[in-house]
Amino acid sequence: MDIEKKSISIKSIVQVSLLIALALVVRNLSYMVYFGGAPGMRVGFSGIFTKTVAILFGPLLGGTASGMIDMLGYLMKPDGAYIPLLTVTAILGGVITGILWRFTKEADAIKYKRSFLVLIFIIGISGIINHVFIFFMPNSIWTATLNKLGKYKDFTSVGLEIISGIGFLFFIADLIIKKVYSKSSSQNDFLKVVITTGISGIIVTTLNTFILRIFIPALGKKGFIIFLVPRVIEEIFMTMIQAYIISILISIYKKHILQK
């Protein structure tokens, strides 16, 4: 029994190491968005592999891998000064994702379908409302508030509409896949992964917004909400795409690796 546990442990470490390596490679291909000349938002797909570690191997390895990727990623491709607290929140994100998944993976898939549809509907309606204000009520207080976002104003209208559209497309695609491959669990996993990684991602994004405004003077001059809104919308957008890919990876892992 001890030999079996040891082999499983070594196997898990090897698999986690592979995912970390993939995350670092993909992170180098990410794009940094600057706010007022300061790095304020990274757009990339390394989260696919980071979050997969937390989901497949639990909060401990998920947090450890997230912290390692943040530190090693900075050494490989630094963007501005190193801020240790961002590594702490990266670890926290991995831990939260792993914990949430433990409560989510066995949950009722029907409830998640309904919750997901309600979520993307609300996101879409919010984008449409903001669009109406911007185009038809340019002198309103709400439009003036949105205008404070400057060139990132479109995140609150077109951005939310695109996110909603992508969400509906993924949902329909998974329904089709479910009918064609009746034994596939990727659709149920997709909805659960969206909720799990979405919650942890928004928490980390909010905390990082506080931290960046404290440690980078140029960002500290921006209002918290004005800086937070485009970051949260980007997080939701990336979560939709990443969750779909992660659900496929989970399905492959269960079918071809876990059963061996």
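Everything discussed here concerns the structure shown above.
Residues numbered from 1 in each chain as written. Predicted model: local features only at pLDDT ≥ 70, side-chain atom pairs only at ≥ 80, totals over all residues. Heavy atoms only, no water.

Visitor: Describe the overall build of the chain, naming the residues involved and giving the relevant values.
Guide: Tallying secondary structure elements over the chain gives 10 helices and 2 strands in all. Over its C-alpha trace the chain gives a radius of gyration of 20 Å, about what one expects of a compact globule, namely 18 Å for 260 residues. When the backbone C-alpha atoms are referred to their principal axes, the chain occupies close to 70 × 45 × 25 Å. Counting across all 260 residues of the chain, residues that qualify as buried make up 45%. At a minimum sequence separation of 6, the contacts of the chain that also span at least 24 residues come to 73%. Surface accessibility of the chain: about 13900 Å² in total, with carbon and sulfur atoms responsible for 72%. Each charge sign in the chain was given a centre, from 26 positive and 12 negative side chains, and these centres are 1 Å apart. (Helix = DSSP H or I, 4+ residues; strand = E, 2+ residues; numbered from the N terminus. Rg over C-alpha atoms; globule rule 2.2 N^0.38 Å. Buried < 20%, exposed > 50% of the residue type's maximum accessible area, 1.4 Å probe, protein only. Contact = heavy atoms within 4.5 Å. Areas by Shrake-Rupley, 256 points an atom, 1.4 Å probe, with all protein chains shown as cover. Lys, Arg positive; Asp, Glu negative; His and termini not counted. Charge placed at Lys NZ, Arg CZ, Asp CG, Glu CD.)

Visitor: Quick one: what's the story with the side chain of R27, residue by residue and with numbers?
Guide: Of note, R27 is situated in helix α1 (residues 2–27). We note that R27 is buried and unpaired, the nearest opposite charge coming from D70 at a distance of 5.0 Å. (Salt bridge = Lys/Arg side-chain N within 4 Å of Asp/Glu carboxyl O.)

Visitor: A description of the pattern of salt bridges should follow, citing residues and the corresponding values.
Guide: Applying the stated criterion across every chain, the model contains 2 salt bridges. When the shortest N-O distance is used, the salt bridge between K51 and E235 registers 3.7 Å. Taken together, the positions of K51 in helix α2 (residues 47–57) and E235 in helix α10 (residues 224–257) put the pair 184 residues apart, joining distant regions of the chain. Taken individually, K51 and E235 each receive the classification buried, so the pair is uniform in this respect.

Visitor: Pulling in residues and values, what's your account of α2?
Guide: The buried count for α2 comes to 10 of 11 residues, which makes it a mostly enclosed element. Restricting attention to buried positions, one finds in α2 the residues G47, I48, F49, T50, K51, T52, V53, A54, I55 and F57. Within two residues after α2, G58 carries a phi angle of roughly 95 degrees, on the positive side.

Visitor: Report on the packing of α2 against helix α4 (residues 84–104), specifying residues and quantitative values.
Guide: Two elements in contact, α2 and α4, have axes separated by 8 Å at closest approach and are oriented at 45 degrees. Between α2 and α4, the angle falls in the class oblique. Every pair of crossing elements has a handedness; the one defined by α2 and α4 is right-handed. Facing K51, A54 and I55 of α2, the residues of α4 in contact are G94, T97, G98 and W101. (Axes fitted to C-alpha atoms, helices over the stretch in contact; angles between N-to-C directions. Parallel < 35°, antiparallel > 145°, perpendicular 65-115°, else oblique. Left-handed = near helix turned anticlockwise from the far one by under 90°.)

Visitor: Pulling in residues and values, what's your account of the nonpolar core?
Guide: Of all hydrophobic cores here, the largest spans 38 residues; its most connected members are F116, I163, F170, F190, V193 and M240. Mapped onto this core, the elements with two or more residues apiece are α1, α2, α3 (59–76), α5 (109–136), α7 (158–180), α8 (186–215) and α10. In terms of residue count, the dominant contributor to this core is α10 (11 residues). Counting 12 residues, the second largest nonpolar core, distinct from the first, contains F35, Y152, L212 and I216. (Core = buried A, V, L, I, M, F, W, Y, C linked by side-chain atoms within 4.5 Å.)

Visitor: How would you summarise the pairing of strand β1 (residues 31–35) if you had to cite specific residues and measurements?
Guide: Two elements, β1 and strand β2 (residues 38–43), share 5 bridges in a ladder whose sense is antiparallel. When the bridges of β2 are listed, M32 appears paired with R42. Hairpin connection from β1 to β2: 2 residues lie between these consecutive antiparallel strands, with G36 at a positive phi of about 60 degrees. (Pairing = 2+ DSSP bridges.)

Visitor: Go over the packing of aromatic side chains with me, naming the residues and quoting the values.
Guide: This structure, assessed with the given rule, holds 5 aromatic pairs. Taking 6.1 Å as the distance between ring centres and 25 degrees as the angle between the ring planes, the aromatic pair formed by F116 and F171 counts as stacked. Of the two residues, F116 is situated in helix α5 and F171 in helix α7; the sequence distance between them amounts to 55 residues. Neither residue differs from the other here; F116 and F171 are each classed as buried. The ring of F227 carries the charged tip of R231 above its face, separated from the ring centre by 5.3 Å. (Phe/Tyr/Trp six-rings, centres within 6.5 Å; stacked < 30°, edge-to-face > 60°. Lys NZ or Arg CZ within 6 Å of the ring centre and 35° of its normal.)

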